[in-house]
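Next come the chains, spelled out residue by residue.
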Amino acid sequence: MDLFKAIIIAIIEGLTEFLPISSTAHMGFIANLMGMEETEFLKMFQVSIQFGAILAVVAAYWKKFFDFQNLKFYYKLAFAVLPALGLGFLFDDKIEALLGNQVAISAMLVLGGVVLLFADSWFKNPTIDDEKDMSIKKAVIVGFWQCLAMMPGTSRSAASIIGGMSQGLTRKAAAEFSFFLAVPTMLAVTVYSIFVKTWGKTTPNPMKGYEMILSSSDFMIAFVVGNVIAFIVALIAIKSFIGLLNKYGFKPWGWYRIIVGIVLLIYFTQFQ
């Protein structure tokens, strides 16, 4: 993989993973625009560089993640991630097939944007301003909301934040819990894509993710550099997003999704 293109993809991943605008849609468009062939390594790379984004959350909220006296925090994440683990395993092949359907992903970008336009008005009276006041039951419900993002283009962040707000969390608390829930969710997806999943089922020599990474020095460099870049950019995005969300709400993100989604629909239906 070309290192420059890998860096661009990593920047897009770090910038969009925790914003409610769908990292999948943005990475797919940029890869297509740069003329990148949809190889098994590219698909695995787009998933595996989430590891860098995961580390960004842990670094940004290290006191929370290493507060071993607050065991209820870990219980909430453990239970909340179960729906995604179960449904993700069951529908893995279908999800992978949808990753190549840019028209469907673009349409979901628009649809999700329309939802965000009304999200603030739907949840006007939050009662929970801190994760500590959130029950395990509510955390599990947010975990089911997160599963909506199995349709590429939905945005894991958008689904889980709106899920949190539906359970009475403020925008800030819902966004932060979305960040926290991303860690076990994306860690599981990354580990599965690298060490368990066999990529290239239709090729003569299918390989697991780590075998592809180790098969080429270019792949190894792209993987390492991609994760470092994703970490740095995601850390900046996380710090910025909370302030922007508190100040402006969801409408700007909704309009952004609608405009970008329409542009992508035109691009993929008329020029591809």
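Residues numbered from 1 in each chain as written. Predicted model: local features only at pLDDT ≥ 70, side-chain atom pairs only at ≥ 80, totals over all residues. Heavy atoms only, no water.

Looking up the chain in an unreviewed UniProt entry gives the name Undecaprenyl-diphosphatase, with the organism given as Kaistella flava. A UniProt comment under Subcellular location (unreviewed entry) is attached to the chain, and it reads "Cell membrane". Turning to the chain, the UniProt annotation filed under Sequence similarities (unreviewed entry) states: "Belongs to the UppP family." (UniProt positions renumbered as here; feature names shortened; annotations may be inferred.)

Another point: a nonpolar patch on the surface. Together, Phe51, Leu55, Leu187, Val191, Phe195, Val196, Tyr210, Leu214 and Met220 line one region of the surface with nonpolar side chains, adding up to about 780 Å² of accessible area. Going through the elements one at a time, α4 (50-60), α11 (171-196) and α12 (209-214) are the ones with two or more residues in the nonpolar patch. Along the chain, valine 196 falls in helix α11. The exposure class of valine 196 is partly exposed, given its relative accessible area of 46%. (Patch = residues over 30% accessible without salt bridge, like charges linked within 9 Å, V, L, I, M, F, W, Y side chains within 5 Å. Areas by Shrake-Rupley, 256 points an atom, 1.4 Å probe, with all protein chains shown as cover. Salt bridge = Lys/Arg side-chain N within 4 Å of Asp/Glu carboxyl O. Helix = DSSP H or I, 4+ residues; strand = E, 2+ residues; numbered from the N terminus. Buried < 20%, exposed > 50% of the residue type's maximum accessible area, 1.4 Å probe, protein only.)

Here we take up the confidence of the model for the chain. Looking at the chain, pLDDT values average 93 and 99% of them are 70 or higher. Across the chain, helix α9 (residues 136-146) holds the top mean pLDDT of 97, while helix α7 (residues 92-98) sits lowest at 78. (pLDDT = per-residue confidence, 0-100.)

UniProt's entry tags residues 6-29, 41-61, 73-91, 103-123, 143-165, 177-199, 219-242 and 254-271 with the feature "transmembrane region" (unreviewed entry), counted in the numbering of this structure. Secondary structure over residues 73-91 splits into 95% helix and 0% strand, and the C-alpha atoms at its two ends are 28 Å apart. Helix and strand shares over residues 143-165 are 61% and 0% respectively, and the end C-alpha atoms of the span are 13 Å apart.

Within the fold, glutamine 50 resides in helix α4. For glutamine 50, a relative accessible area of 13% translates into the label buried. Other than its neighbours up to four places away in sequence, glutamine 50 contacts Glu13, Glu17, Met186, Val189, Thr190 and Asn227. (Contact = heavy atoms within 4.5 Å.)

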